[in-house]
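Descriptive analysis of the structure
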Amino acid sequence: MAPTTDSAVRKDGALLDDVSTTAAADSEGAIETRGIEPVPDHERHGRVRELFPTWVAANISVLLLTMGAALVVFNKLNFWQVLIVAGCAALASFGMVGVLSVSGKWGGAPGAMLSRATFGVRGNLFPGAILWVARFGWETINAVTGAYAVLTVLDLLFGIKSNSVLIVITLFVFVACTFLVSGMGRKALNVCNKWSTYLFGVFSVLVLGYLVVHIKWHDVFSKPAGSTAMMIAGIGTIAAGGISWVPTGPDFARYLPHSASGKKIVGATVSGAGVVMVPMVLMGAVMAVAAPGLAEAPDPVSFLGDILPTWLAVPYLITAIVGMLLINSLSMYSAGFTAQTMGVKLPRAMAVSINAAISLVGGLMLMLVAKSFLSSFITFLILLAVSFSAWIGVYAVDMARRRVRAVRYDAEGLMDTSPSSRYWYAGGFCWQAMTAWAVALIAGLCFTQCAWFSGPLSGTFVGKYGLGWAATIAISAVLMAVLPTPREQEK
């Protein structure tokens, strides 16, 4: 394994793609200045336990309540089936997040940067572009949900009804706050994640207690079971959110020292996500039994004002607003790295502004133009899972090979975008990785069925059971494994 360098350097006239010729130091203050360049060993002061609140915060979203309700209303599942679906979805999706996060410890760089070693310096631009565009959609969905939560609080407290002007103002304020928090960097996010975890945990317990007392549990447990096919499809829908975090997992592990335990990284990731995902999905399912119409509500938040008393709904929504702001901040934090890797010559904090602007425009279209939030959201989740899954299979096989051969990542090679780069392969492309990724992506779309289109293979077993994302991972991984092992350039 090549030693990690303290800065990106020029060698043999090679053009390094950082915004400056030296790596920005990781500030000990509130604002992180380091960009995509690998973190040198002497700056790796992170701790594995910091990942737990990170992944708790990444799942503090009332959308999980809506998704839990949808499992009951649309998938016709009962309480125990929803419990199984939520647990399997958390384990599958964030298990992958945890496993691939270990590469962040190996290379000390964001996932979008490390994948240069997988796809090649130029080849990485293609899957990177897909991931970047998909992240725009995820950030837009979260921004819209946060704005709806603010509108619901204004209605409950002051009787202020939503209108077009208020929607624009609310969404703009939410996106602006997200931009400011994400721009501050890792340390600020860690502090926010820690306290939001405590607050959301307290109010979630209060909501759970209220439901225990007021919900008619006989109606909950007497609901007949749904089909196995709907359970499997439900796992894919709930897991899609977690799958979208897989490529960014290394971003939050890059400050961990090489001695950090990989098993603990996976454990902290899965437990942090699961402790929120499972109860939230279950609460949504329980609420749906009491009020079946909530899964079809015009927005994903206002139903809480009908089910919970104002004294509980308002503080719960406020903590949820903070949570959704942090989700988007974490997403935009990683999106800044993706933008820099794609060639945007701006500091990470400024690169985030691109995502913020697109989230604002997309959010306005979704809130003012789209007829059904839930339909748009479910369709987006299906496409999101497939678009990220092709990357996951290829990256996982490459990562496994590096572990077996004890060849991790070369910091200088990652920063070097010239033909002398260790990861130049053939013309800047690793044809094996590109082939596996492209074939799997096309196959995954063929298995996909959603409101916008139906693939030619959507009527097969894989398509009917909503397993397009799983098939995409399997196809990309198998192809990458059977194709000849890529040869990196020797230095």
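First, a word on scope: everything that follows refers to the structure included in this document. (Residues numbered from 1 in each chain as written. Predicted model: local features only at pLDDT ≥ 70, side-chain atom pairs only at ≥ 80, totals over all residues. Heavy atoms only, no water.)

Here we take up the overall build of the chain. Check the secondary structure of the chain and you find 19 helices and 0 strands. Here the chain holds 491 residues, and 59% of them are scored as buried. Taking as baseline every contact in the chain between residues at least 6 positions apart, the subset at least 24 positions apart corresponds to 85%. Of the roughly 18,600 Å² that the chain leaves accessible, carbon and sulfur atoms contribute 70%. (Helix = DSSP H or I, 4+ residues; strand = E, 2+ residues; numbered from the N terminus. Buried < 20%, exposed > 50% of the residue type's maximum accessible area, 1.4 Å probe, protein only. Contact = heavy atoms within 4.5 Å. Areas by Shrake-Rupley, 256 points an atom, 1.4 Å probe, with all protein chains shown as cover.)

The relative placement of two packed helices comes down to the angle between their axes together with the axis-to-axis distance. As a packed pair, helix α2 (residues 63-73) and helix α11 (residues 262-290) sit with axes 7 Å apart at the nearest point and diverge in direction by 50°. By the angle class used here, α2 and α11 are oblique. Read as a crossing pair, α2 and α11 show a hand that is right-handed. For the pair formed by α2 and α11, the contact residues are Leu64, Leu65, Gly68, Ala69, Leu71, Val72 and Val73 on the first element and Val276, Met277, Met280, Val281, Met283, Gly284, Ala285, Ala288 and Val289 on the second. (Axes fitted to C-alpha atoms, helices over the stretch in contact; angles between N-to-C directions. Parallel < 35°, antiparallel > 145°, perpendicular 65-115°, else oblique. Left-handed = near helix turned anticlockwise from the far one by under 90°.)

With that settled, the discussion passes to unusual backbone geometry. Residue Lys76 is not a glycine yet carries a positive backbone phi of 60°. You can see Lys76 is positioned in the loop between α2 and α3 (79-107). We note that Ala406 has phi near 55°; this positive angle belongs to a residue other than glycine.

This part takes up a nonpolar patch on the surface. Together, Val168, Val361, Met365, Leu368 and Val369 make up an exposed nonpolar region whose accessible area comes to about 460 Å². Tracing the sequence through the fold places Val369 in the loop between α14 (348-368) and α15 (373-405). Looking at Val369, the relative accessible area reads 61%, which means it is exposed. (Patch = residues over 30% accessible without salt bridge, like charges linked within 9 Å, V, L, I, M, F, W, Y side chains within 5 Å. Salt bridge = Lys/Arg side-chain N within 4 Å of Asp/Glu carboxyl O.)

Moving on: the pattern of salt bridges. For the structure on display, the rule yields 4 salt bridges. Between Asp398 and Arg402 there is a salt bridge, and its shortest N-O distance comes to 2.8 Å. Of the two residues, Asp398 and Arg402 are both situated in helix α15; the distance of 4 residues between them amounts to about one turn of the helix. Of the residues examined, Asp398 reaches a relative accessible area of 4% and is grouped as buried. For Arg402, a relative accessible area of 0% translates into the label buried.

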